[in-house]
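# Geometric and topological summary
This is what each chain is made of:
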Amino acid sequence: MRGTGSAVTSEFNLEHAVWTVPAERMKMRLPHRVPLSRQVIGYLRELQSLTGATGNVFPAFHTSRRTMSENTVNNAFRRMGYGPNEVTAHGLRTTASTLLNESGRWSPDAIERSLAHMDTNAIRGIYNRGLYWGERTAMHQWWSDYLDQLREGVEVEPLTGHAYDLRRA
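Residues numbered from 1 in each chain as written. Predicted model: local features only at pLDDT ≥ 70, side-chain atom pairs only at ≥ 80, totals over all residues. Heavy atoms only, no water.

## Quick look at the sheet that holds strand β2 (residues 18–21)
On the basis of which strands lie adjacent, the open sheet formed by three strands has the order β1-β2-β3 and antiparallel pairing. A single partner strand is all that each edge strand has here, and the edge strands are β1 (12–13) and β3 (32–35). In this structure, β1 lies alongside β2, joined through two bridges in antiparallel fashion. Of the residues in β2, the one forming a bridge with N13 is V18. Each of β2 and β3 touches helix α6 (residues 133–152); the most contacted strand, β3, lies at about 50° to it. (Pairing = 2+ DSSP bridges. Helix = DSSP H or I, 4+ residues; strand = E, 2+ residues; numbered from the N terminus. Contact = heavy atoms within 4.5 Å. Axes fitted to C-alpha atoms, helices over the stretch in contact; angles between N-to-C directions.)

Next up, the structure:
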């Protein structure tokens, strides 16, 4: 996994709630900063107690010198009963993008910047260098809170009035 799975602890600043992915691991070869929610910081601290304060955040099962592969995550989904056409590790980005856009709470620019996407309009992409950091920070916290509510079985408000159950979509 080029992104999350390849993360090393030195990329995380838990005090400032930010993960900085180095340019060499990014498709556009630019560093990418990711705001961390309270929940993610808690999970990272818990992981550090298991994997250590240095090295890979998600080490491979057979050796801590290598990172967990995307196939490891996909195989976990299969063991949970999800088929390859239902859930994939990379597909979680699509799910997040869709639900964040449908929520109507966040600007498309902030969502796309969180996914490290560049503007598809070449001219706009040259001139718009906004990071949308404040909005992205709030969005990441909202997303973690939303996932917590789904996990706890709390009835969540429908996104933009859709009648379907998002937990089944």
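## Considering unusual backbone geometry
Negative phi is the rule for most residues except glycine; trans is the rule for most peptide bonds. Positive phi outside glycine occurs at A17, with the angle close to 55°. Examined against the element boundaries, A17 turns out to sit in the loop between β1 and β2.

## Here we look at the side chain of R136
Position of R136 relative to the elements: it lies in helix α6. Although R136 lies buried, it forms no salt bridge, and the closest oppositely charged side chain, E135, sits 8.7 Å away as judged by the N-O distance. With near-sequence residues (within four places) excluded, R136 lies in contact with H32, R33, V34, P35, A110, R113, S114 and L131. (Buried < 20%, exposed > 50% of the residue type's maximum accessible area, 1.4 Å probe, protein only. Lys, Arg positive; Asp, Glu negative; His and termini not counted. Salt bridge = Lys/Arg side-chain N within 4 Å of Asp/Glu carboxyl O.)

## Quick look at a nonpolar patch on the surface
Together, M28, L30 and M118 give the surface a local cluster of nonpolar side chains, amounting to about 290 Å² of exposed area. Within the fold, M28 resides in the loop between β2 and β3. (Patch = residues over 30% accessible without salt bridge, like charges linked within 9 Å, V, L, I, M, F, W, Y side chains within 5 Å. Areas by Shrake-Rupley, 256 points an atom, 1.4 Å probe, with all protein chains shown as cover.)

## Comments concerning the pattern of salt bridges
Oppositely charged side chains may form a pair once their charged atoms are brought near each other. Summed over all chains, the structure comprises five salt bridges. A salt bridge links D148 to R151; its shortest N-O distance comes to 3.2 Å. Of this pair, D148 and R151 both sit in helix α6, three residues apart, which is roughly one turn of the helix. Among the residues examined, R151 registers a relative accessible area of 56% and is labelled exposed. Through salt bridges with shared partners, a single ionic network connects D148, R151 and E152.

These figures capture arrangement, not role.
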